[in-house]
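Next come the chains, spelled out residue by residue.
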Amino acid sequence: MPHITTTTIIAVAFVLLAIGAVIGVGLLIADMVMPLVQSATHGESLRDRFSERFARLRKRHDDEDADDLEESTAALLSMLPGAPVVVDESDEVVRASPAAYRLGVVDDDVIVEPRIAQAVRTVREQGGKTMFELTTMTPQRFLHMAGADDDAQENAESADAHATPVAVSRPNWLRVTVGRISERFVIVLLDDVSERVRFAQVRDDFIANVSEQLVKPSAELQRLAASLERAGLKDARIAQDARNVRRTIAYIDHMVKDLLLLIKAQEQVTPTDGNRLNVLSEARAAAEVAQPLAQERGQRIAVSGSEALVVHGESEQIRAAIDKLIENALEYSPDGAMVSVDVKPDRAGRHAVVRVIDRGTGIPLGEQQRIFERFYRGANQNEHTADGVGLGLAIVKHVALTHQGSVHVWSRPGQGSTFTLVLPLDPTQAD
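Thresholds applied
Residues numbered from 1 in each chain as written. Predicted model: local features only at pLDDT ≥ 70, side-chain atom pairs only at ≥ 80, totals over all residues. Heavy atoms only, no water. Axes fitted to C-alpha atoms, helices over the stretch in contact; angles between N-to-C directions. Helix = DSSP H or I, 4+ residues; strand = E, 2+ residues; numbered from the N terminus. Parallel < 35°, antiparallel > 145°, perpendicular 65-115°, else oblique. Left-handed = near helix turned anticlockwise from the far one by under 90°. Contact = heavy atoms within 4.5 Å. Nonpolar A, V, L, I, M, F, W, Y, C, P; charged D, E, K, R; others polar. Phe/Tyr/Trp six-rings, centres within 6.5 Å; stacked < 30°, edge-to-face > 60°. Buried < 20%, exposed > 50% of the residue type's maximum accessible area, 1.4 Å probe, protein only. Pairing = 2+ DSSP bridges. Core = buried A, V, L, I, M, F, W, Y, C linked by side-chain atoms within 4.5 Å.

Visitor: Quick rundown of the packing of helix α8 (residues 235–264) against helix α12 (residues 392–402)? Include the residues and the values.
Guide: Geometry of a packed helix pair, given as the angle between the helix axes and the separation of the axes. Relative to each other, α8 and α12 sit at 20 degrees, their axes nearing to 9 Å. Relative to α12, α8 is oriented roughly parallel. In the crossing of α8 with α12, the sense of the turn from one axis to the other is left-handed. Contacts between α8 and α12 involve D258, L261 and L262 from the first element and A394, I395 and H398 from the second. Along the lines of polarity and charge, the residues of the contact of α8 with α12 split into 4 nonpolar, 1 polar and 1 charged.

Structure representation (structure tokens):
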């Protein structure tokens, strides 16, 4: 056997390394050249295409280096509250919090909110910083009713062309700060104060609507007491004052019951063998509760749908939610109108869809984003709804959430409204 020296082994290793390097470079060149050769067969200059491809790869490498912020700056941005956005000299977003996309400020690595984009350009040119308040709308692809999964919403939207539920974008109230952090980069700080604004709105609505209802019985009782104290008043006057007291106390009783129901509808419902409910039966029972209200104005309630749909839930809550939707439809519909309640499965067969359809006054699009909030009442009130406190649709929303479902609305002024309650079917039935 021939003797192999150390020098021979080293030489062979160098040769193998050289061959590997040549193969690697060859593959890289082939990766660049092959598309160019293919395009050259269509009349393009191979040299021009090669130069163009090489320049593009070089630019990509340079851009990747240029886009990198200093580590200390990047670390500082990660600790900032709110939603920071960093923009380079070409107005491209190089850093952005996910919230910036959800808030409707950034899309496809570009600032799409005109006022912020203009502020970035101004600060880049003039230096300093600027602060302002702004209201944006959440893009449609980020809209999800709280507690509703994507599948339930998609199925609810595709089940019926007439009753297509519209996901309503809620406004986002932002405090915006724009400042330059280097010669190349401008930072945008987004402070989302939406929850504070919404809380203030709920507080104001509570004070405006509930406090008024609480004061009415006191005033009516004082009037009745004054009537009884005066001598010589006719019985008819006293009887009228007594009726007013009874009516206002009935409003208070109704409001207290709604508040208690709203409290009960905060705890998630766990499916058990003992809480299986037939949806159509619950809808019929809810219609029976609302029947006296319909008869007062010559209105009709038509209930139809599948007899076989079963969900897990609390009967009192589901029945109350459907009842609220029916009452709402009756109160905002003209005398003699018909309200339809339709119970069907969705197309995927995994959810029960309850639609309450009316041909009433409809809801302006600008108000639809708030109608499910507690104590909110729209501007289109009439003599039948003037004494409400704004809890009905809030109850419907919370009942839907506690049953792992969702609620949606389609409405146009003058065309009526369709409210859609979506509830997951009993898994054994859905399968």
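Visitor: Pulling in residues and values, what's your account of the packing of aromatic side chains?
Guide: Describing an aromatic ring pair means giving the distance of the ring centres and the angle of the ring planes. Going through the model one piece at a time under the given rule, you end up with 1 aromatic pair. With a centroid separation of 6.1 Å and an interplanar angle of 80 degrees, the aromatic rings of F372 and F419 are classed as edge-to-face. With F372 in the loop between α11 (365–368) and α12 and F419 in strand β14 (residues 416–424), this residue pair connects regions lying 47 residues apart in the sequence. Using a relative accessible area of 9% as the deciding quantity, one classes F372 as buried.

Visitor: Let's hear about the sheet that holds strand β2 (residues 93–96): which residues, and what values?
Guide: Pairing is antiparallel across the open sheet formed by 5 strands, whose spatial order is β2-β1-β7-β6-β5. Among the strands making up the open sheet, the edge pair consists of β2 and β5 (129–137). Between one strand and the next, the sheet's axes are offset by a mean angle of 20 degrees, whatever the strand orientation. In this structure, strand β6 (residues 171–180) lies alongside strand β7 (residues 186–192), joined through 7 bridges in antiparallel fashion. Bridging across to β7, G179 finds its partner in I187.

Visitor: How would you summarise the pairing of β7 if you had to cite specific residues and measurements?
Guide: Bridge analysis of strand β1 (residues 83–87) against β7 gives 5 bridges, and the strand direction is antiparallel. Each residue of the ladder has a partner; that of P84, found in β7, is L189. Connecting β6 to the antiparallel partner β7 that follows it, the hairpin turn spans 5 residues.

Visitor: Account for the nonpolar core, naming residues and giving values.
Guide: By size, the foremost hydrophobic cluster in this structure holds 45 residues, and its most contacted members are I301, V311, I322, I326, I371, F419 and L421. Put simply, the parts of the chain that give this core at least two residues each are α8, α9 (279–296), α10 (315–331), β11 (338–345), β12 (351–358), α12, β13 (406–412) and β14. Top element by residues in this core is α10. It accounts for 8 residues. The contacts of V311, once residues within four sequence positions are left out, are N275, R276, L277, V279, I318, A352, L423, P424, L425 and D426. Within the second largest apolar cluster, 23 residues are counted, among which are A83, V87, A100 and V123.

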